[in-house]
Amino acid sequence: MSQMNDLLDSLPQTGRVEWIGLSPEPRGEMRVVESAAARVGNGLEGDHHAESAKPSKRQVTLIQAEHLPAVAGLCGLDEVRPEQLRRNVVVAGINLLALKDRKFRVGEALLEGTGPCVPCSRMEENLGPGGYNAMRGHGGITARVVEPGVIRIGDAVRLELE
């Protein structure tokens, strides 16, 4: 095993789910929930991404809690609320980019990071002028559901070694 593989497999931090939100319809209001059921091939039950007819790499979107103050600062705002950013899960205590292309457990569910969650033009509407660029590099990651399970606020987030 190479040194780089050793480093990729070494993620001793355990994160924590801080917030969960679902959007029942595109551009609809985010609904804050205490838990959500992750379904293989779909995503989070009750979210419009899960209701799509075709499987997507963007079944679940995650963002780091530590990035919210950075985005707020870049936008000149006192705070940014998770629902403004339109992600499903806010996680603290673990570097989400370290989970890109890796399998990781969030509560009962096993997810696999599929890529960065790039911002959309909606960020200009939600955060004001410059919102799109403020989110660049701070948008979190997208994931697909590998094993179903319930994700709850307070659940651990950790790298799953095979």
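The structure we're discussing is the one just above.
Below you will find a few notes about this structure.

The rules behind each value
- Residues numbered from 1 in each chain as written.
- Predicted model: local features only at pLDDT ≥ 70, side-chain atom pairs only at ≥ 80, totals over all residues.
- Heavy atoms only, no water.
- Helix = DSSP H or I, 4+ residues; strand = E, 2+ residues; numbered from the N terminus.
- Buried < 20%, exposed > 50% of the residue type's maximum accessible area, 1.4 Å probe, protein only.
- Contact = heavy atoms within 4.5 Å.
- Areas by Shrake-Rupley, 256 points an atom, 1.4 Å probe, with all protein chains shown as cover.
- 1 Å grid on protein atoms, 1.4 Å probe; cavity = no way out; pocket = protein on both sides within 12 Å on 5 of 7 lines; lining within 4 Å.
- Points joined across faces, edges and corners; volume = space filled by probe spheres on them.
- Nonpolar A, V, L, I, M, F, W, Y, C, P; charged D, E, K, R; others polar.
- Salt bridge = Lys/Arg side-chain N within 4 Å of Asp/Glu carboxyl O.
- Pairing = 2+ DSSP bridges.

Helix and strand content of the chain: five helices and eleven strands. Across the 162 residues of the chain, 44% fall into the buried class. Of all intrachain contacts in the chain linking residues separated by at least 6 positions in sequence, the fraction that spans at least 24 positions is 74%. Summed over its atoms, the accessible surface of the chain is roughly 8,300 Å², and 49% of this surface lies on carbon and sulfur atoms.

Okay, the layout of surface pockets next. Approximately 240 Å³ is the volume attributed to the largest pocket. Considering the residues around the largest pocket, the lining is formed by 17 residues, among which His48, His49, Arg58, Arg86 and Cys120 are closest to the centre. Of the residues assigned to the lining of the largest pocket, the class counts are six nonpolar, five polar and six charged.

Turning our attention to unusual backbone geometry. Positive phi, normally seen in glycine, also occurs at arginine 27, with a value near 65 degrees. Mapped onto the fold, arginine 27 is located in the loop between β1 (15–22) and β2 (31–33). When its relative accessible area of 55% is taken as the criterion, arginine 27 is described as exposed.

Let's shift gears to the pattern of salt bridges. In a structure, side chains of opposite charge can pair up when their charged atoms sit close to one another. Applying the stated criterion to the full structure yields ten salt bridges. The partner of arginine 39 in a salt bridge is glutamate 45, and the shortest N-O contact between them spans 3.7 Å. One salt bridge in this structure joins glutamate 108 and arginine 152, with 3.3 Å as the shortest N-O distance. In this pair, glutamate 108 sits in the loop between β7 (103–106) and β8 (109–116) while arginine 152 sits in strand β10 (residues 149–152), placing the two residues 44 residues apart along the sequence.

Glancing now at the environment of phenylalanine 104. Among the secondary structure elements, phenylalanine 104 is positioned in strand β7. A C-alpha to C-alpha distance of 28 Å links phenylalanine 104 and arginine 27, two positions 77 residues apart in sequence.

This paragraph deals with the sheet that holds strand β3 (residues 35–39). Read from one edge of the open sheet, three strands run β4-β3-β10, paired in antiparallel fashion. Looking at which strands have only one partner, the edges of the open sheet turn out to be β4 (43–44) and β10. In terms of strand pairing, β3 meets β4 through two bridges, oriented antiparallel. Bridge assignment links arginine 39 to a residue of β4, and that residue is glycine 43.

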